[in-house]
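# Topology and contacts: notes
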Amino acid sequence: EAGVTQFPSHSVIEKGQTVTLRCDPISGHDNLYWYRRVMGKEIKFLLHFVKESKQDESGMPNNRFLAERTGGTYSTLKVQPAELEDSGVYFCASSQELGETQYFGPGTRLLVL
Amino acid sequence: SQKIEQNSEALNIQEGKTATLTCNYTNYSPAYLQWYRQDPGRGPVFLLLIRENEKEKRKERLKVTFDTTLKQSLFHITASQPADSATYLCALDTYSGTYKYIFGTGTRLKVLA
């Protein structure tokens, strides 16, 4: 069974540009989560989808971040326009049941210059 | 505010010994607690989940305890091996209409041959 995959693995962009991150959850997992880890800090929750619906987006930093999960399969996280403080590792995770084991992808390392 | 503390200092132990990692939390009562392993450049890998009504859980050489009175979880690796060297993260759920996890910063474990 394939795990959670994320694309790209790395992205280097300039301040003001747009970047779109993609996450493919484990097949059949209705729950999809986005997290972010900035340098030296803990992994922080961004938002949670159940199928195509946003259940909780309380962790999204501001309106420069837009997450979508059309069709309830893969998800995208777009940052527009990117700022220096957006640099970090963006993780996606999925789970079959609420509150149960979350399986993480390898992360996308974003560097905004 | 909700807070999770893990030993920020790296833990070095000799091969064959038992490693014990600590996770303390304040200001809330999680229903679930999870431990993850993270290797450099990779996403967190799920190890164990323990529920609030469980005192202890084991999986092969791993053991987790959960003391809701002390607000503490201990993570033990018995007969440690150099391959166990990694960063170990604890994560607790918070439920406010939806589940999301709060992570600690992790403890880096190094098992010396």
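A short tour of the structure in this document, coming up. (Residues numbered from 1 in each chain as written. Chains lettered and ligands numbered in written order. Predicted model: local features only at pLDDT ≥ 70, side-chain atom pairs only at ≥ 80, totals over all residues. Heavy atoms only, no water.)

## Let's talk about the pairing of strand β8 (residues 72-77) of chain B
Residue and element names in this part refer to chain B.
- Pairing geometry for strand β3 (residues 19-26) and β8, over six bridges, is antiparallel. The partner of N24 across the bridge, within β8, is Q72.
- Bridging between strand β7 (residues 62-67) and β8 involves six bridges; their strand directions are antiparallel. By the bridge assignment for β8, F66 is matched with S73.
- If you look at the hairpin formed by β7 and β8, you'll find four residues sitting between the two strands, and K71 has a positive phi there, around 60°. (Pairing = 2+ DSSP bridges. Helix = DSSP H or I, 4+ residues; strand = E, 2+ residues; numbered from the N terminus.)

## Description of the interface of chain B and chain A
- Counting residues at the interface gives 19 residues for chain B, matched by 21 residues for chain A.
- When chain B packs against chain A, close to 1,700 Å² is buried across both sides, 53% of that on carbon and sulfur atoms.
- Counting every contact that joins chain B to chain A gives zero salt bridges.
- For the interface between chain B and chain A, the tally reads four residue pairs in polar contact (both at pLDDT 80 or more). (Contact = heavy atoms within 4.5 Å. Buried area = accessible area lost by both parts, 1.4 Å probe. Salt bridge = Lys/Arg side-chain N within 4 Å of Asp/Glu carboxyl O. Polar contact = N/O pair within 3.5 Å; in protein donor to acceptor, adjacent residues only side chain to side chain.)

## What about the environment of A79 of chain B?
Residue and element names in this part refer to chain B.
- As for its position among the elements, A79 is in the loop between β8 and β9 (86-95).
- Overall, the relative accessible area of 41% leaves A79 in the partly exposed class.
- Once residues lying within four places of it in the same chain are set aside, the contact partners of A79 are G16, K17, T18, R61 and D84. (Buried < 20%, exposed > 50% of the residue type's maximum accessible area, 1.4 Å probe, protein only.)

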